[in-house]
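Summary of structural features
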Amino acid sequence: MSATAAMEVNAEARRILAVSISKLYASRTQRGGLRLHRSLLLSLVMRSARDIYHSSRENEGPSCAQPTPEEPMDTGSNPGELTGLPEPQPEPQPALNSAELASEEPDSAEEDSDSEITEDKENLSPTRQSRKRRGKASAAPDFLPSKRARLEPGEERYAAPLGSCRAGAGESLTALSLNRVIPAF
Amino acid sequence: RLAGIVRPGGDMQWCFSQVKGAIDDDVAEADIISTVEFNHTGELLATGDKGGRVVIFQQEIENKNQPQFRSEYNVYSTFQSHEPEFDYLKSLEIEEKINKIRWLPQKNAAQFLLSTNDKTIKLWKISERDKRPEGYNLKEDDGRFKDPNNITSLRVPVLIPMDLMVEASPRRVFANAHTYHINSISVNSDNETYLSADDLRINLWHLEITDRSFNIVDIKPANMEELTEVITAAEFHPHQCNTFVYSSSKGTIRLCDMRVSALCDKHSKLFEEPEDPSNRSFFSEIISSISDVKFSHNGRYMMTRDYLSVKIWDLNMESRPVETYQVHEYLRSKLCSLYENDCIFDKFECCWNGNDSVVMTGSYNNFFRMFDRGQRRDVTLEASRENSKPMQVLKPRKVCAGGKRKKDEISVDSLDFNKKILHTAWHPQDNIIAVATTNNLYIFQDKVN
């Protein structure tokens, strides 16, 4: 693939990822709760776009403007999906209907993307997977919306205590495994 | 009486008959029609809407001697089937929108239908009352109790005629059996059981029993991260009470036989067409998701609807459909825009005519499409207020996919994607169709000379 074609594909993939993520966020406030079918389809599109995005970034190679190489991707360790649906709590198989239903509607996929990584991100040695942003390469992709909470009128923003943040979404994207390669169209 | 869309000597013509619903362009969300269904004789036509209401229209039985004037459908009964609910355990609102209505075959004077929202199915009895009792001994006609000391004689109460009153009452409520959102209900040919399907499970109910159901399909993976497909529609076979099908978001249909085992996770047949690699895109998976599956009346075929096409499958051939009809192939190059405006998630339904010779489905711009299987002809028609003069013949419409637009053609970019026809129904025995636009119900019939 030529460099320009790769960049076009990259831009398209990024746009689709951005649109998909905003749809995922929006579906959290939908009446009737998260729709499993829709969430699944969104995650499939996002996965295709993510794969294309990363493979086209690799193809950019020497023409890439990034000063440092990307962190190596962790393949094979986790068969889970990128923005798959979070772990539900155990629920009884209804042969008889019970009045109690276990809570298992899917929450935001974003919040749970970390839970799918089998490696223990909390206790990693700092040299391997640092949460510190080391420059452009490990910065969150620019298509992601800000993770800062939306302020209600009258609220002020305070500095977050150190060590309380989860890994940025950008690092999640690079760290999660690619269990499927979608052939570029 | 039934024919395809092409008659010897020319195309069949469809005429406007009636339109129901508000005229103004400002559509109240509660009025959005979410399901349309004729009963087994076609005399009754039910619609459900986003506000949880059911409206039933009845075809008047006048003018039987004048076949060119088919009787009109008038409102027969309106009732609130479902109300919004709140699931406190999950902090989720449960929408009152009616997802599906299915009629039961008529067994006595009353009519019965099943209506469902995302979580609860209800059996409604619709009955007529045209007489009322008068002349009670112990109470006055207005209901006040008489003083027993003043009663000196006895009389037999009589039934006197009154204005027809149609009452709808909920006879059964089938609740708490679905963790996910119900997408289908289907009455079995045994007239005793029915199935309900959500994203991951299908349950079998007895119409008389509300406190339990059998789970007959469960595709929920042990680990939800491994979820790759969901159930999108399910239907019982019209004659074989042991057979049902369910479609998936991956474009497959599974036929199951309930005699084989209690849990029908293993299908008897798997219908799947290999994907065309040249059509691969970001959105291939979304557009292959099946939005509706319907058996033919004769039970030998089934029809599936995915985003761009309608496919007819022979139940004896699993490898590929026997017929494929493109509904709006010109949208294939617009999938990215349709993804952005959410239209790619629209779930179109499809239906057969009474003798299975023609199939129909909806599209955008208030267009709907009919495919005549025998004649290999298809037509695009439009449901609009502009073409709503009594008995006005509908002119076939054409979409210009590219290049030079001919007169009377409409270009793809001019299509109104907010005007979508998701729900259509065909009278089981006659050439009368009901087509739902966003908030209006159009009734068309073929032109009888």
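Since this is a predicted model, take the numbers as computed values, not measurements.

A few words now on the overall build of chain B. Secondary structure assignment for chain B yields two helices and 34 strands. Whereas a compact globule of 449 residues would reach a radius of gyration of roughly 22 Å, chain B reaches 24 Å, a difference of no more than 12%. Structurally, chain B occupies a C-alpha span of about 90 × 60 × 40 Å along its principal axes. Sorting the 449 residues of chain B into buried and exposed places 55% on the buried side. Surface exposure of chain B reaches about 20,600 Å², of which carbon and sulfur atoms provide 48%. The centroid of the 57 positive side-chain charges in chain B is displaced by 4 Å from the centroid of its 67 negative side-chain charges.

Attention now moves to the pattern of salt bridges. All names here are of chain B. Per the counting criterion, the structure on display carries 35 salt bridges over all chains. With a shortest N-O distance of 3.1 Å, Asp218 and Arg201 are connected by a salt bridge. Taken as a pair, Asp218 in strand β17 (residues 209-218) and Arg201 in strand β16 (residues 201-206) lie far apart in primary sequence, 17 residues in all. In this structure Asp218 comes out as buried when scored by relative accessible area, which is 12%. Accessibility expressed as a relative area gives 3% for Arg201, which makes it buried.

Glancing now at unusual backbone geometry. All names here are of chain B. Look at Asp342: it is not a glycine, yet its phi comes out positive at around 75°. Among the residues examined, Asp342 registers a relative accessible area of 26% and is labelled partly exposed. If you check the backbone angles, Asn365 has positive phi at about 60° while not being a glycine. As for its placement among the helices and strands, Asn365 is situated in the loop between β27 (358-362) and β28 (367-372). Under the relative-accessibility criterion, Asn365 is labelled buried at 9%.

The subject of this paragraph is the layout of surface pockets. Space inside the largest pocket adds up to approximately 1,400 Å³. Forming the walls of the largest pocket are 43 residues, and the residues nearest its centre are Lys97(B), Phe345(B), Asp346(B), Lys347(B) and Leu422(B). Among the elements that make up the lining of the largest pocket, the one with the highest residue count is helix α2 (residues 36-60) of chain A (four residues). For the lining of the largest pocket, a count of residues per class yields 14 nonpolar, 13 polar and 16 charged.

So, about the pairing of β27(B). All names here are of chain B. For β27, a buried count of five out of five residues is recorded, marking the element as mostly surrounded by other parts of the structure. A two-sided burial pattern is seen for β27, the buried positions comprising Val358, Met360 and Gly362 on one face and Val359 and Thr361 on the other. Here three bridges tie strand β26 (residues 350-352) to β27, and the two strands are oriented antiparallel to one another. Bridging from a neighbouring strand, Trp352 pairs with Val359 of β27.

Of note, Ser43(A) is situated in helix α2. Note on Ser43(A): relative accessible area 4%, which makes it buried.

Residues of chain B with pLDDT of at least 70 account for 95%, and the chain-wide mean is 92. Across the whole predicted complex the pTM is 0.79, and at the interface the ipTM reaches 0.89.

Criteria and thresholds
Residues numbered from 1 in each chain as written. Chains lettered and ligands numbered in written order. Predicted model: local features only at pLDDT ≥ 70, side-chain atom pairs only at ≥ 80, totals over all residues. Heavy atoms only, no water. Helix = DSSP H or I, 4+ residues; strand = E, 2+ residues; numbered from the N terminus. Rg over C-alpha atoms; globule rule 2.2 N^0.38 Å. Buried < 20%, exposed > 50% of the residue type's maximum accessible area, 1.4 Å probe, protein only. Areas by Shrake-Rupley, 256 points an atom, 1.4 Å probe, with all protein chains shown as cover. Lys, Arg positive; Asp, Glu negative; His and termini not counted. Charge placed at Lys NZ, Arg CZ, Asp CG, Glu CD. Salt bridge = Lys/Arg side-chain N within 4 Å of Asp/Glu carboxyl O. 1 Å grid on protein atoms, 1.4 Å probe; cavity = no way out; pocket = protein on both sides within 12 Å on 5 of 7 lines; lining within 4 Å. Points joined across faces, edges and corners; volume = space filled by probe spheres on them. Nonpolar A, V, L, I, M, F, W, Y, C, P; charged D, E, K, R; others polar. Pairing = 2+ DSSP bridges. pLDDT = per-residue confidence, 0-100.

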